[in-house]
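# A closer look at the structure
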Amino acid sequence: MRVLLVYNTDYDAELMEASPADVSAVREAALAVAAGVDGAGHGCEVLGIGGPDITTLMSRLKSDPPDLVFNLCESLAGNTKNEVVVPALLDLAGVAYTGPGPLAIGLCLHKDRTKDILVARGVPTPPSVVLAGEADFAAAEAGNLAIDYPCFVKLCHEDASVGIDETNVAANPAALARRARQLVAAYRQPVLAEAYVDGREVNVTLMGNGDEVIALPLHEIDFSAMPAHRPRIVSYAAKWDPDHVDFGGTVPVPVTAMAPAQIAAVTEVAIAAYGALGLRDFGRVDVRIAKDGTPMVIDVNPNCDLSPDAGFARAAAAAGMSYADLVGRICELASRRHADLRHAA
């Protein structure tokens, strides 16, 4: 196949101010996937776009359409909500592409909507409430919200643990109101408060479509090195600051010492969430295991990080897949899915 890999460059200027290495890392991730596509036996070109230059992509699709677009575009014009634009345009152009469509991405970008769908489909997930303004903060302070404590607070429209630190675990109504006020003021978006599940956190890496979705070997977050006074959560510092105590206290490791029945239950719930939100080709579902053994979905990642050192590649390696095998498999799944849709039409 002739593959065109598309990734976003809209944060390049901002990242360059912080560290030129960050920009090279973003591009290096795209180039690594492109090399994997080549290694799988396909030809791959790379196109970076930032937002206003979206016409460059459309012109390219019209003048020389590829067999497949490998979509790594996670935002445009500095706004993650614009992640839906590229797949929508690819649908309009009738071009096959990897990963979820605009509806699935849009739903997962609104964590409250994700919750609504999971609940409606009977997929276990912690009970939650949305806080958007002063009336909600006052209700929280007064203890009038239908939420159990401790609860965990997160932004409705962000990923990569943006806005998450130790204060996001609120032990009481006052702590919830305080942190919700801070986050809404800083990020100008609602927050979701959900019952905090103090149990093992498992990352379920999934591949496939329809009734043929499989889970790669499970990984979990090892909190054993986390100081006792720190909450067992994956904060922003845990992902992005190697010098922070949370970084060393949240190490992803293969799941061990878990009963086969528990593994099956976690996998079943993750696949149910994958299907409920309309994920395609690949994705990751994060699950916390409650004290009674119930797996609770806490996050659904529709277009997760495919860097060679990221969790998806680790899970694939544990399944005996090389990086080229992984990337090539995603291309094959997307191409076959698109061909099936054309045939059905």
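Structure: above.
Since this is a predicted model, take the numbers as computed values, not measurements.

## Remarks on the pattern of salt bridges
This structure, assessed with the given rule, holds 17 salt bridges. Between Asp281 and Arg337 there is a salt bridge; the shortest N-O distance is 2.7 Å. Here Asp281 is found in strand β12 (residues 281-289), whereas its partner Arg337 is found in helix α13 (residues 323-344), with 56 residues between them in sequence. The buried category is assigned to Asp281, whose relative accessible area is 0%. The class of Arg337 is buried, set by a relative accessible area of 11%. Taken together, the shared-partner salt bridges in this structure form one network comprising Arg2, Glu45, Arg60 and Asp64.

## A closer look at the packing of helix α3 (residues 54-63) against helix α4 (residues 85-93)
Geometrically, a packed helix pair is captured by the angle between its two axes and the distance between the axes. Interaxial distance between α3 and α4 falls to 11 Å at its minimum, and their mutual angle equals 25 degrees. As far as their axial angle goes, α4 and α3 are roughly parallel. As α3 packs across α4, the resulting crossing turns out to be right-handed. Contacts from Ile54, Leu57, Met58 and Leu61 in α3 reach Val86, Leu89, Leu90 and Ala93 in α4. Residues that form the contact of α3 with α4 fall into these classes: 8 nonpolar, no polar and no charged.

## Some thoughts on a negative patch on the surface
On the surface, a cluster of negative charge is contributed by Glu74, Asp159, Asp305 and Asp309. Residue placement: Asp305 occurs in the loop between β13 (295-301) and α12 (311-318).

## Topic: empty space enclosed by the protein
This structure, assessed with the given rule, holds 1 cavity of 30 Å³ or more. When its volume is computed, the largest cavity comes out at roughly 90 Å³. Along its surface, the largest cavity is lined by Cys108, Lys111, Thr114, Lys115, Leu118, Thr125, Lys154, Leu192, Val297, Ile298, Asp299 and Val300. Breaking the lining of the largest cavity down by element, the ones donating at least two residues are α6 (111-120) and β13. For the lining of the largest cavity, the residue count by class is 6 nonpolar, 2 polar and 4 charged.

## Some remarks on the layout of surface pockets
When its volume is computed, the second largest pocket comes out at roughly 250 Å³. If you go around the second largest pocket, the residues you meet are Met207, Gly208, Asn209, Gly210, Glu212, Ile214, Met321, Arg329, Leu333, Arg336, Arg337 and Asp340. Put simply, the parts of the chain that give the lining of the second largest pocket at least two residues each are β8 (201-209), β9 (212-215) and α13. It is α13 that provides the largest number of residues to the lining of the second largest pocket, a total of 5 residues. Taken together, the residues of the lining of the second largest pocket sort by class into 4 nonpolar, 3 polar and 5 charged.

Each value, and the rule that gives it
Residues numbered from 1 in each chain as written. Predicted model: local features only at pLDDT ≥ 70, side-chain atom pairs only at ≥ 80, totals over all residues. Heavy atoms only, no water. Salt bridge = Lys/Arg side-chain N within 4 Å of Asp/Glu carboxyl O. Helix = DSSP H or I, 4+ residues; strand = E, 2+ residues; numbered from the N terminus. Buried < 20%, exposed > 50% of the residue type's maximum accessible area, 1.4 Å probe, protein only. Axes fitted to C-alpha atoms, helices over the stretch in contact; angles between N-to-C directions. Parallel < 35°, antiparallel > 145°, perpendicular 65-115°, else oblique. Left-handed = near helix turned anticlockwise from the far one by under 90°. Contact = heavy atoms within 4.5 Å. Nonpolar A, V, L, I, M, F, W, Y, C, P; charged D, E, K, R; others polar. Patch = residues over 30% accessible without salt bridge, like charges linked within 9 Å, V, L, I, M, F, W, Y side chains within 5 Å. Areas by Shrake-Rupley, 256 points an atom, 1.4 Å probe, with all protein chains shown as cover. Lys, Arg positive; Asp, Glu negative; His and termini not counted. Charge placed at Lys NZ, Arg CZ, Asp CG, Glu CD. 1 Å grid on protein atoms, 1.4 Å probe; cavity = no way out; pocket = protein on both sides within 12 Å on 5 of 7 lines; lining within 4 Å. Points joined across faces, edges and corners; volume = space filled by probe spheres on them.

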